[in-house]
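A closer look at the structure
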Amino acid sequence: MKAEGDIILVTGADGFIGSHLTEALLSKGYKVRALVYYNSFNNYGNLEGLSHPRLEIVAGDVRDAAFCRGIMKGVSTVFHLAALIAIPYSYVAPESYVDTNIKGTLNICQAALDEGADRVLVTSTSEVYGTALYTPIDEKHPRQPQSPYSATKIGADALAMSFFNAFNLPVTIVRPFNTFGPRQSARAFIPTVITQIASGMTEIKVGDLSPVRDFNYVEDVAEAFIAIATHPDTIGLELNIASGREFTMGRTLELIAELMGREVSFTQDPERLRPEKSEVMRLLGDSSLLRSLTGWKPKFTFEEGLRKTIDWFADPKNLSKYKPAIYNK
């Protein structure tokens, strides 16, 4: 992946991680073709308002194979992040997750193969591991489909790796553990807590506070993506992006309240609870393979990332984009 001349395609560039990755690539001198989800309002999601001479924004849908072939023209490296990711909504509309997450990945891999792309990075999720059978979780941990969402991501990962094995497509599976930071959807735990507190609510609605997560600040995750793409030894591998630290949701909530300097109480909202067998109780990642290959390591501690995230959400112009009183599935 070279900064001079190469076109880097980022699918899902209008999303949370995708928008940060796009900005990071531009800052390093790359030319980025950013795919945003087509809509009749010409809204570019988290890329709205971003203008750069090396940025080309294209609206479309990865579920369309012909469209995917078109946007792959001249592309050297593909960061495939376009996906449906909300777990609660996957209980309601599982077919849409199959169409976007599995078929969309198929279309991107086939287009990359047809057009001769040099690298294809497919974004996975730590949810494919389910509740940890051992910790820290390395890439050999069994997959456990505890939600329709995780099932489709397991399928998409397997499909992408089949293109590596069958057709020598230079695929890498990139598997971030729980990512957080500015611009994240309110469907995620950290933004929903911060936005409720920042909007003046004193009784904060939450789900189960006992699950354990390995949180990673989004700028660190974007840097890990780029480190993987620029190292040839990562081709054909599945790589965790993880901090190696774990926090319960309850402790995370306490940290946010402490950093925001607010006295609040918390109530459990039944609507925010996953079905019993679907809840992933513990995720603690092992990223030693990634670190040994690329030298990547997180720049921000969890607490430092939380401060930066709180500062962003507490800005009135950013907070106004959210609806803290409404549970976002």
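Read on for an overview of the structure. Predicted model, so just to flag it, every value in this text is computed and none were measured.

Looking now at the pattern of salt bridges. Here the structure, examined in full by the defined rule, presents 17 salt bridges. Salt-bridge contacts for Glu 23 lead to Arg 183; the nearest nitrogen and oxygen are separated by 3.1 Å. One end of the pair, Glu 23, is in helix α1 (residues 16-27); the other, Arg 183, is in the loop between β7 (179-180) and α6 (189-198), and 160 residues separate them in sequence. Its relative accessible area of 15% is what places Arg 183 among the buried residues.

Residue position: Gly 250 is located in helix α8 (residues 249-260). Separated by 43 residues in sequence, Gly 250 and Gly 207 place their C-alpha atoms 9.9 Å apart.

Below, the discussion takes up the nonpolar core. Looking at soluble globular proteins, one finds that nonpolar side chains tend to be buried together. Counting 32 residues, the largest nonpolar core has Val 10, Leu 21, Leu 25, Phe 79, Phe 225 and Ile 241 as its most contacted members. Broken down by element, the residue count for this core peaks at 9 residues, all from helix α7 (residues 218-229). Filtering out sequence-adjacent residues up to four positions away, Phe 79 remains in contact with Met 1, Ile 8, Leu 9, Val 10, Thr 11, Leu 21, Leu 25, Leu 121, Phe 225, Ile 226 and Ala 229. Phe 189, Ile 194, Phe 215 and Ala 257 belong to the second largest nonpolar core, which has 28 residues in total.

By the definition in use, this model includes 14 aromatic pairs. Ring centres 5.3 Å apart and planes at 85° place the aromatic pair Phe 180 and Phe 302 in the edge-to-face group. Highlighted residues: Phe 180 in strand β7 and Phe 302 in helix α10 (residues 302-314), separated in sequence by 122 residues. Across the pair, Phe 302 and Phe 180 agree in class, each one buried. Between Trp 312 and Phe 313, the aromatic rings sit 4.9 Å apart at their centres with planes inclined by 85°, giving edge-to-face as the arrangement. Phe 313 carries the same exposure label as Trp 312, and that label is buried.

The next thing to look at is the sheet that holds strand β3 (residues 55-60). Note on sheets: strands pair through backbone hydrogen bonds, and any given pair is parallel or antiparallel. Spatially, β3-β2-β1-β4-β5-β6-β11 is the arrangement adopted by the 7 strands of the open sheet, whose pairing is parallel. The sheet terminates laterally at β3 and β11 (238-241), the two strands that pair on one side only. For this sheet, the mean angle separating the axes of adjacent strands, direction not counted, is 20°. As paired strands, strand β4 (residues 75-80) and strand β5 (residues 119-123) are joined by 4 bridges and run parallel to one another.

Another point: the packing of α6 against α10. Where α6 contacts α10, the axes come no closer than 10 Å and their chain directions differ by 50°. As far as their axial angle goes, α10 and α6 are oblique. Once α6 is placed against α10, the crossing between them reads as right-handed. In this structure, α6 uses Ile 190, Pro 191, Ile 194, Thr 195 and Ala 198 to contact α10, whose residues at the interface are Phe 302, Leu 306, Thr 309, Ile 310, Phe 313 and Ala 314. A per-class count over the contact of α6 with α10 returns 9 nonpolar, 2 polar and no charged.

Now for the packing of α8 against α10. Close contact between α8 and α10 brings their axes to 10 Å; oriented N to C, the two are set at 55°. By the criterion of interaxial angle, the relationship of α8 to α10 is oblique. Every pair of crossing elements has a handedness; the one defined by α8 and α10 is right-handed. In this structure, α8 contributes Thr 252, Leu 255, Ile 256, Leu 259 and Met 260 to the contact, and α10 contributes Phe 302, Glu 303, Leu 306, Arg 307 and Ile 310.

What follows is about the environment of Leu 81. Its place among the elements puts Leu 81 in the loop between β4 and α3 (87-92). On a C-alpha basis, the gap between Leu 81 and Thr 248 in space is 27 Å, while along the polypeptide they are 167 residues apart. In this structure Leu 81 touches Val 10, Thr 11, Gly 12, Ile 17, Gly 18, Leu 21, Thr 123 and Phe 225, once residues within four positions along its chain are discounted.

Take unusual backbone geometry next. With an omega dihedral of -10°, the bond running from Thr 135 to Pro 136 counts as a cis peptide bond. With respect to the helices and strands, the residue Pro 136 is situated in the loop between β5 and α5 (148-167). In the Ramachandran plot, Asn 42 falls in the positive-phi region, its phi being about 55° despite a non-glycine side chain. Mapped onto the elements, Asn 42 comes out in the loop between β2 (31-37) and β3.

Once that is clear, we can look at the side chain of Asp 6. The residue Asp 6 is located in the segment before β1 (7-11) in this model. A distance of 3.4 Å separates polar atoms of two side chains, one belonging to Asp 6 and the other to Ser 76.

Thresholds, definitions, all that
- Residues numbered from 1 in each chain as written.
- Predicted model: local features only at pLDDT ≥ 70, side-chain atom pairs only at ≥ 80, totals over all residues.
- Heavy atoms only, no water.
- Salt bridge = Lys/Arg side-chain N within 4 Å of Asp/Glu carboxyl O.
- Helix = DSSP H or I, 4+ residues; strand = E, 2+ residues; numbered from the N terminus.
- Buried < 20%, exposed > 50% of the residue type's maximum accessible area, 1.4 Å probe, protein only.
- Core = buried A, V, L, I, M, F, W, Y, C linked by side-chain atoms within 4.5 Å.
- Contact = heavy atoms within 4.5 Å.
- Phe/Tyr/Trp six-rings, centres within 6.5 Å; stacked < 30°, edge-to-face > 60°.
- Pairing = 2+ DSSP bridges.
- Axes fitted to C-alpha atoms, helices over the stretch in contact; angles between N-to-C directions.
- Parallel < 35°, antiparallel > 145°, perpendicular 65-115°, else oblique.
- Left-handed = near helix turned anticlockwise from the far one by under 90°.
- Nonpolar A, V, L, I, M, F, W, Y, C, P; charged D, E, K, R; others polar.
- Polar contact = N/O pair within 3.5 Å; in protein donor to acceptor, adjacent residues only side chain to side chain.

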